[in-house]
Amino acid sequence: MTAATLTSANATAPAREPRYAGVFPVVPTTFTESGELDLPSQLRAVDFMIDAGSTGLCILANFSEQFVLSDEEREVLTRSILGHVAGRVPVIVTTTHFSTDICIARSRRAQAQGAAMVMVMPPYHGATIRVSEGQVMSFYQRLSDAIDIPIMVQDAPVSGTPLSATFLARMAREIEHLKYFKIETAGAASKLRELIALGGDTIEGPWDGEEAITLLPDLHAGCTGAMTGGGFPDGIRMIMDAWRAGQQDIATAQYGRWLPLINYENRQGGILTAKALMKAGGVIDCEAPRHPFPAMHPAVREGLLATAKPLDPLVLRWAR
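Residue numbers restart at each chain and count upward from 1, following the sequence in its written direction. Reporting in this predicted model follows two pLDDT cut-offs: at least 70 for local features of residues, and 80 or more for side-chain atom pairs to be given and counted; totals over whole chains, interfaces and linings ignore these cut-offs and use all residues. Calculation of side-chain values draws on the structure's entire complement of heavy atoms; hydrogens and water are dropped beforehand.

Caption draft 1: The arrangement of the pattern of salt bridges in detail. Each salt bridge in this description consists of a side-chain nitrogen of Lys or Arg and a carboxyl oxygen of Asp or Glu lying within 4 Å of one another. For the structure on display, the rule yields 13 salt bridges. Among the ionic pairs, Arg88 bridges to Asp47, the shortest N-O distance being 3.0 Å. Placement of Arg88 in the loop between α2 (71-85) and β3 (91-94) and of Asp47 in helix α1 (residues 39-51) is noted, with a sequence separation of 41 residues between them. Burial status follows relative accessibility: with a 1.4 Å probe on protein chains alone, a residue under 20% of its type maximum counts as buried, one over 50% as exposed, and anything between as partly exposed. Residue Arg88 is classed as partly exposed on the basis of its relative accessible area of 42%. Comment: elements are numbered from the N terminus, with helices defined as DSSP H or I runs of at least four residues and strands as E runs of at least two.

Right under this line is the structure:
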């Protein structure tokens, strides 16, 4: 799978042709009302997301509520989802852990089960436990030495670990499999642009994140992939496909069309947005999070659906 070359005279682009590009939304984790894993709903969610045009998928990310899952449940979900996808699209598995050895073990298992890539945040715990830049470098180096698939660095505020473009570019140059970067920090477009300039063809995949709220400026900066929420991949594809075809005006118009819903997810519905849309459309049986994560307020859900319906996303009619 390759990405079309960006044709905008104003856009920068990585010199290396990426193995993976396009729209890779995060798969939500589905639970029953009493909090157990709901695998039938889980697999329907995966089928919907593929039918909605997802170029690939990401599982066990923060938007998958990975922080409420046991290690055993992570294994069940990885095995079940990768087996069900069966190569239809590439799947990125999030394997973040503070421990280098545990992250390596998770990543090796994911690779053995068919993951196309692993996504990993730098080591952190809670609000205050961090490691030095040298230890971060060593963490990713050891991970790269242990696997044979690409590593995506998730550069997100939740880790509380500053990762400068200079440092990220250095890791891309020196660590064999570390070639993809999901940038979710403030000023993402500027950081992407700097990262591409510093890293050149070692930056195989500069990606947008944060529910696509900065997607248009990130595309102008040269991003080649978008990791968004899982509720409306068809809408994000309209933006990405037009951009990759060199149709900036159409991409900009589509971004403006879908922006109210993107904004609703990013600023209001958050992690539960995809599940609320999927439940409303009959894709899944239950949209509840796992305690103690709070359920979506009914008024927020009402506003979310009112914003989504005029756009006619596939999620609201896929199961009908």
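Caption draft 2: Region of interest: the sheet that holds strand β8 (residues 178-183). Pairing between two strands is assigned when DSSP locates at least 2 bridges connecting them. Taking strand neighbours across the sheet as the criterion, the eight strands line up as β1-β10-β9-β8-β7-β4-β3-β2 in an open arrangement whose pairing is parallel. Pairing within the sheet leaves two strands with one partner each, and these edge strands are β1 (22-23) and β2 (57-59). Every residue pair with non-hydrogen atoms within 4.5 Å of one another is taken to be in contact. To obtain each axis, a line is fitted to C-alpha atoms, and for helices this fit is confined to the stretch in contact; angles are then taken between N-to-C directions over 0 to 180 degrees. With respect to the sheet, helix α5 (residues 165-174) is in contact with β7 (151-155) and β8, its orientation differing from that of β8 by roughly 155 degrees.

Caption draft 3: The nonpolar core, seen in detail. By convention a nonpolar core is built from buried Ala, Val, Leu, Ile, Met, Phe, Trp, Tyr and Cys residues, the set being connected through side-chain atoms within 4.5 Å. Core analysis: the biggest nonpolar cluster contains 103 residues, and Tyr140, Phe181, Leu215, Ile236 and Ile262 have the highest contact counts within it. Setting aside residues up to four positions removed in sequence, Phe181 forms contacts with Met152, Val153, Leu168, Ala172, Leu195, Ile203, Gly205, Pro206 and Trp207.

Caption draft 4: Local environment of the confidence of the model for the protein. Each residue gets a pLDDT score, which is the predictor's confidence in that residue and runs from 0 to 100. With 95% of its residues at a pLDDT of 70 or more, the protein shows a mean pLDDT of 95. In this model, residues 1-11 is a region of pLDDT below 50 whose contacts with residues beyond four sequence positions or in other chains number 29 contacts.

Caption draft 5: Here's a closer look at the packing of helix α9 (residues 248-269) against helix α11 (residues 298-308). Two elements in contact, α9 and α11, have axes whose closest approach is 9 Å; the angle formed by their N-to-C orientations is 165 degrees. Taken together, α9 and α11 sit at an angle that is classed as roughly antiparallel. You can see that α9 and α11 cross each other, and the crossing is left-handed. Contacts between α9 and α11 involve Pro260, Leu261, Tyr264, Gln268 and Gly269 from the former and Ala299, Val300, Gly303, Leu304, Thr307 and Ala308 from the latter. Residues belonging to the contact of α9 with α11 are distributed by class as follows: seven nonpolar, four polar and no charged. An angle below 35 degrees is read as roughly parallel, one above 145 as roughly antiparallel, one from 65 to 115 as roughly perpendicular, and any other as oblique. The handedness criterion is simple: a crossing whose near helix is rotated anticlockwise from the far helix by less than a right angle is left-handed, and one whose near helix is rotated clockwise is right-handed. Amino acids are sorted into nonpolar (Ala, Val, Leu, Ile, Met, Phe, Trp, Tyr, Cys and Pro), charged (Asp, Glu, Lys and Arg) and polar (every other residue, Gly among them).

Caption draft 6: Here's a closer look at the pairing of strand β9 (residues 205-208). Of the two faces of β9, the one carrying Gly205 and Trp207 and the one carrying Pro206 and Asp208 are both buried. Here β8 pairs with β9 via four bridges, running parallel. Residue Phe181 lies in a different strand from β9, and its bridge partner there is Pro206. Two elements, β9 and strand β10 (residues 225-226), share two bridges in a ladder whose sense is parallel. Residue pairing in the sheet places Asp208 in a bridge with Ala226 of β10. Call a crossover right-handed when, viewed with both strands pointing away from you, the route from the first strand across the helix to the second goes clockwise. For the crossover that starts at β9, traverses helix α7 (residues 215-221) and ends in the parallel β10, the hand is right-handed.

Caption draft 7: Spotlight on the packing of helix α3 (residues 100-112) against helix α4 (residues 133-146). At a minimum axis separation of 10 Å, α3 and α4 run at an interaxial angle of 30 degrees. Considering the angle they form, α3 stands roughly parallel to α4. Viewed along their axes, α3 and α4 form a crossing whose handedness is right-handed. Listed contacts from α4 to Thr100, Cys103, Ile104, Ser107 and Arg108 of α3 are Phe139, Arg142, Leu143 and Ala146. In terms of residue class, the contact of α3 with α4 is built from five nonpolar, two polar and two charged.

Caption draft 8: Examining the environment of Thr78 more closely. Along the chain, Thr78 turns up in helix α2. Looking at Thr78, the relative accessible area reads 4%, which means it is buried. Placed 16 residues apart in sequence, Thr78 and Thr94 show a C-alpha to C-alpha distance of 9.8 Å. When sequence neighbours within four positions are dropped, the list of residues in contact with Thr78 reads Ile59, Leu60, Val93 and Gln113.

Caption draft 9: Up close: the side chain of Thr161. With respect to the element layout, Thr161 can be found in the loop between β7 and α5. Under the relative-accessibility criterion, Thr161 is labelled buried at 10%. Beyond its immediate stretch of four places on either side in the chain, Thr161 contacts Pro122, Pro123, Tyr124, Arg130 and Val136.

Caption draft 10: Inspection of helix α10 (residues 273-280) at higher detail. In terms of burial, α10 is largely enclosed, as six of its eight residues are buried. Within the span of α10, buried status applies to Thr273, Ala274, Lys275, Ala276, Leu277 and Met278. Residues of α10 that are buried sit in contact with α1, α9 and α11. A positive phi of about 80 degrees marks Gly282, the residue just after α10.

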